[in-house]
Amino acid sequence: MSTFHVRLGWAPTGNVFWASESTCHCLAKLCTIILFIQAMNFLAAAQNSTSGLQLHIRDKEVVVENGILQMTLSKPGGVVTGLQYNGVDNLLEVLNEAPNRGYWDLVWTAPGITRKKGAFDRIEGTNFSVIVETEDQIELSFTRMWDPSLEGKLVPLNIDIRFVMLRNSSGFYTYAIYEHLKEWPAFNLTNTRTVFKLRKEKFHYMAISDKRQRYMPLPDDRLQGRGQALAYPEAVLLVNPVEPQFKGEVDDKYLYSIENKENRVHGWISTEPPVGFWQITPSQEFKSGGPFKQCLTSHVGPTTLAIFHSTHYSGAELIIEFKPSEPWKKVLGPIFIYLNSLVTEDDPLQQLWEDAKQQMKTEVQSWPYDFPSSEDFLSSDQRGTVTGRLLVRDGYINTEDIFGDGTQVGLAAPGDAGSWQLECKGYQFWTKANDKGFFSISGIRPGIYNVYAWVPGFIGDYRHDAEVIITPGCNVDVGTLVYEPPRSGPTFWEIGIPDRTAAEFYIPDPNPNHINKLYVNHTDRFRQYGLWERYAELYPYNDLVYTVGVNDYRKDFYFAQVTRKTGNNTYQGSTWQIRFTLDTVGKNNTYTLRIALATAHVSELQVRINDLEASNPLFSTGQIGNDNTIARHGIHGLYRLYTVDIPGAQLLEGNNTIFLTRALSISPFQGIMYDYIRLEGPASSNNESLGSSSWGYK
């Protein structure tokens, strides 16, 4: 049986894949086309590779090319001003000023300065240098160094922005090293990212995932006269768009947010000529907030973002605060900007997207890269590995330990359980355990970490008490870890699924005048503008009442407890009721109410038992949250878990009501989303299992 080989992609590893003729005959047409695209691009690269990479240094610009693409950067600023590829002289928006095409930026404040959003800084270097120039690689550095004379004027960081182009590579890499020296002043970092703005007359189709891709409106459609600003600043109703097909839709960049763990490849497609522009993130180690943190991706512009740190869906709790005399250094990236083109006449959209996904897999498999020249980026032999197994122990569910199937396990800076949500200064390394709970995390930078985990289907967060020390080349086996989720007694009743989101609850249809067509009949029903207004329409006079054993949380439990507009731009809070029955009550016992919140925004949650008029609630969270999830069409922000002890003397044999009052109401965007609510009885003497009849569960 004959075989052939094709070099797939242009990663520095140069992977070769083998297949038999009989196997190839069984391949789907789409997969065959992907191979053809990549093989043809490789051959094209080979034809131009005799001269290797070329670098042209001019007065005010630097040009680097490899026979596939040509990149032009400002000198010494390091802004990408031009990308020439597949016959297009510039993929970037030529209508923009040169500094506003492809760049790094950040938002920062000095301590004590109260700016709503901080100072925006589009980073431009003051010094240019060539780090590597060979036939196989060119690496360029654009640095901006800080000194005390700049205090209060410029963020106190040394910034080194790098660009790397490899021989035969259909794209380029970029990364940055940020450094704060010990003797430098304090400051706060709110946001930092890379931005690429593409030509609006060419790139009209956006793809974020298999189920989230579409033709997009033009940026012109958001301007006054074509777009009508809505209550939330980023949201615009398209009333007179250039293309009539978008009329009546809502455009908002937050409709296209995604979690770090899913944010691997996204970008844009031009159909004339058929070209794809993709931002590939091969690792999440350098991103803030862990795998569940949400960030922006691509949006109308056409704009493509790589966000390394932001406060979106988290609020001020994720602002990085650097104290005086606090040294810090972090490598952000590399990310890969991948360009692909079509050499057949078939539908380019799916083909270019599938090819981009394949290239993403190649990049992920190549991490950590072996080509970055900065000593601060560590290669695989300078890193370590952690292996182990995680089991869950909950005697009220199973007498034996439960496999941690689907568990997210990670290493982050030492802290309390769940502190990884707010950890932003260091690196995080995460994986998903297999169906038996086994996990392996490789490529970990040397340092001191805790092992953290959270298990779908169980409340709370796990932290392994013993710190893990990573050294170059180490392989640490932490053994079998056992998570005992919070539990005081048997479950009387529960509402929802403990998965850190509110996605399982009732999400209404959007206002037909405020829709985004992508999310009509979509699994992500929550990604529509104005759903917060639907609550008052469904409950115009009385608030939600949920009766355990009668109602279905998928149909009867609204996904967000929000404010209610009362007229003249005033709002009021709401009180939801959970009604349930107990046959018997131990008056001297303590019952436990577990409330897991998926998000909160400027709210206070008060809990009362059987007496709505009680002047003092049994429990109050106080004011919590600045996640802004509701306005930004998310289904979760920061996870919060509360335990409410209920004295048996406050419960009744027969009918009972828990009152959940959401206080603080001055805007339509305030509210909370529940993840999961559970009432537990007192621990039984014989450790009886779920739903013990001795507690009269109904």
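Here, the structure is the one placed above.
Treat the numbers as computed from the prediction; the structure is a model and nothing was measured.

(A) Representation of the environment of T431. Residue placement: T431 occurs in strand 30 (residues 429–432). The exposure class assigned to T431 is partly exposed, which follows from its relative accessible area of 21%. When the C-alpha atoms of T431 and G406 are compared, they prove to be 9.6 Å apart, with 25 residues separating the residues in sequence. Ignoring anything within four residues of it in the chain, the contact list for T431 reads T407, Q408, V409, F439, S440 and I441.

(B) How the structure looks around the sheet that holds strand 16 (residues 227–229). Taken together, the three strands give an open sheet; going across it, the order is 16-17-18, and neighbouring strands pair in antiparallel fashion. Only two strands of the sheet have a single partner each, and these edge strands are strand 16 and strand 18 (250–251). Bridge analysis of strand 16 against strand 17 (residues 236–238) gives three bridges, and the strand direction is antiparallel. Across the sheet, the residue bridging to G227 is L238, located in strand 17.

(C) Here's a closer look at helix 3 (residues 348–365). For helix 3, built from 18 residues, the straight-helix expectation of 26 Å at 1.5 Å per residue is met to within 8% by its first-to-last C-alpha distance of 26 Å. Most of helix 3 sits inside the fold, with 13 of its 18 residues counted as buried.

(D) Examining the pattern of salt bridges more closely. Enumeration according to the criterion identifies 33 salt bridges in this entry. With a shortest N-O distance of 3.6 Å, K329 and E179 are connected by a salt bridge. Taken together, the residues K329 in strand 26 (residues 328–341) and E179 in strand 12 (residues 171–180) connect sequence positions 150 residues apart. We classify K329 as partly exposed; its relative accessible area is 35%. A salt bridge links K329 to D376, with the nearest nitrogen and oxygen atoms 3.4 Å apart. Within this pair, whereas K329 is found in strand 26, its partner D376 is found in the loop between helix 3 and strand 27 (384–392), the two being separated by 47 residues in sequence. On the accessibility criterion, D376 (18% relative accessible area) is buried. In this structure, a network of salt bridges that share partners links the residues D89, R199 and E201.

Rules of the game
- Residues numbered from 1 in each chain as written.
- Predicted model: local features only at pLDDT ≥ 70, side-chain atom pairs only at ≥ 80, totals over all residues.
- Heavy atoms only, no water.
- Helix = DSSP H or I, 4+ residues; strand = E, 2+ residues; numbered from the N terminus.
- Buried < 20%, exposed > 50% of the residue type's maximum accessible area, 1.4 Å probe, protein only.
- Contact = heavy atoms within 4.5 Å.
- Pairing = 2+ DSSP bridges.
- Expected span 1.5 Å × (residues − 1).
- Salt bridge = Lys/Arg side-chain N within 4 Å of Asp/Glu carboxyl O.

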